[in-house]
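Overview (structure and organization)
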Amino acid sequence: MARRFPLAGLLRLRHAEQERAAATLAAANERMRDAADARTAARRTLDDTASAMPVEDAATLSAVAAARAATRGMLEELDAVVRTRRADADRAQGEYNAARRSALGLEKLEEQHTVQATAEELRTEQNALDEIAARSRGEGGAR
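Residues numbered from 1 in each chain as written. Predicted model: local features only at pLDDT ≥ 70, side-chain atom pairs only at ≥ 80, totals over all residues. Heavy atoms only, no water.

1. Overview of the overall build of the chain
Looking only at helices and strands, the chain has two helices and zero strands in total. For the chain, the C-alpha radius of gyration of 34 Å lies well beyond 15 Å, the compact-globule estimate for 143 residues. Once the C-alpha set of the chain is aligned to its principal axes, its extents read approximately 125 × 20 × 15 Å. Here the chain holds 143 residues, and the buried ones make up 16% of them. (Helix = DSSP H or I, 4+ residues; strand = E, 2+ residues; numbered from the N terminus. Rg over C-alpha atoms; globule rule 2.2 N^0.38 Å. Buried < 20%, exposed > 50% of the residue type's maximum accessible area, 1.4 Å probe, protein only.)

Structure (structure tokens):
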């Protein structure tokens with residue numbers, strides 16, 4: 001039976017951290033996509049209002065100008081939100097990469113441990129078989 005990897009608990013912890021970081025990254029990417037979609041929708045609205053309303057008097061022109069100004073303001077705010085969410089997503093990606101590196105290092109150690117433990121077991125088994133064979137020859141020759 002192979003010896004248990006002494007850092008198995010730490011490896012489980014690293015995997016849990018990696019999964020948590022992956023979930024955080026997925027959520028950050030989703031929020032970033034949502035903000036980009038909202039910005040695209042606002043941009044379309046701005047483009048649509050420019051051609052949708054026939055301007056026949058000063059009041060309509062004033063209303064269109066106010067709507068366009070409000071939409072531009074909203075676009076600027078959405079740009080800021082997209083930048084913030086992109087920074088959050090980048091930070092989450094960095095945390096995921098760090099967690100993955102930590103887990104990979106321990107996974108490699110576990111692999112090496114398994115190879116060494118298996119080789120040790122095979123050596124022990126081979127030594128026992130050699131000892132049994134040597135006894136059998138010794139006992140067989142003595143009779």
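2. Regarding the environment of R33
In this fold, R33 is placed in helix 1 (residues 8-52). It is 42 Å that separates the C-alpha atoms of R33 and P6, two residues lying 27 residues apart in sequence. Within polar-contact distance, the side chain of R33 engages the side chain of E30 at 2.9 Å. (Polar contact = N/O pair within 3.5 Å; in protein donor to acceptor, adjacent residues only side chain to side chain.)

3. Regarding the environment of A26
Note on placement: A26 falls in helix 1. In this structure A26 comes out as partly exposed when scored by relative accessible area, which is 43%. For the pair A26 and Q93, spaced 67 residues apart in sequence, the C-alpha separation works out to 9.2 Å.

4. A look at the pattern of salt bridges
This model, assessed by the stated rule, comprises six salt bridges. Note that R14 and E17 form a salt bridge whose closest N and O atoms lie 3.2 Å from each other. Of the two residues, R14 and E17 both sit in helix 1, three residues apart, roughly one turn of that helix. By relative accessible area, R14 is classed as partly exposed at 22%. Ionic pairing is found between E131 and R135, a salt bridge with its closest N-O pair at 2.5 Å. Of this pair, E131 and R135 both sit in helix 2 (residues 58-142), separated by four residues, roughly a single helical turn. Using a relative accessible area of 46% as the deciding quantity, one classes E131 as partly exposed. (Salt bridge = Lys/Arg side-chain N within 4 Å of Asp/Glu carboxyl O.)

5. Concerning the side chain of Q18
Structurally, Q18 can be placed in helix 1. Judged by relative accessible area, which is 12%, Q18 ranks as buried. Those residues in contact with Q18 that lie beyond four places of it in its chain are Y96, A99, R100 and A103. (Contact = heavy atoms within 4.5 Å.)

6. Some thoughts on the nonpolar core
Counting five residues, the largest nonpolar core consists of L25, A28, M32, A89 and A92. When residues of this core are assigned to their parent elements, the largest contribution, three residues, is made by helix 1. In this structure A28 touches D88, A89 and A92, once residues within four positions along its chain are discounted. (Core = buried A, V, L, I, M, F, W, Y, C linked by side-chain atoms within 4.5 Å.)

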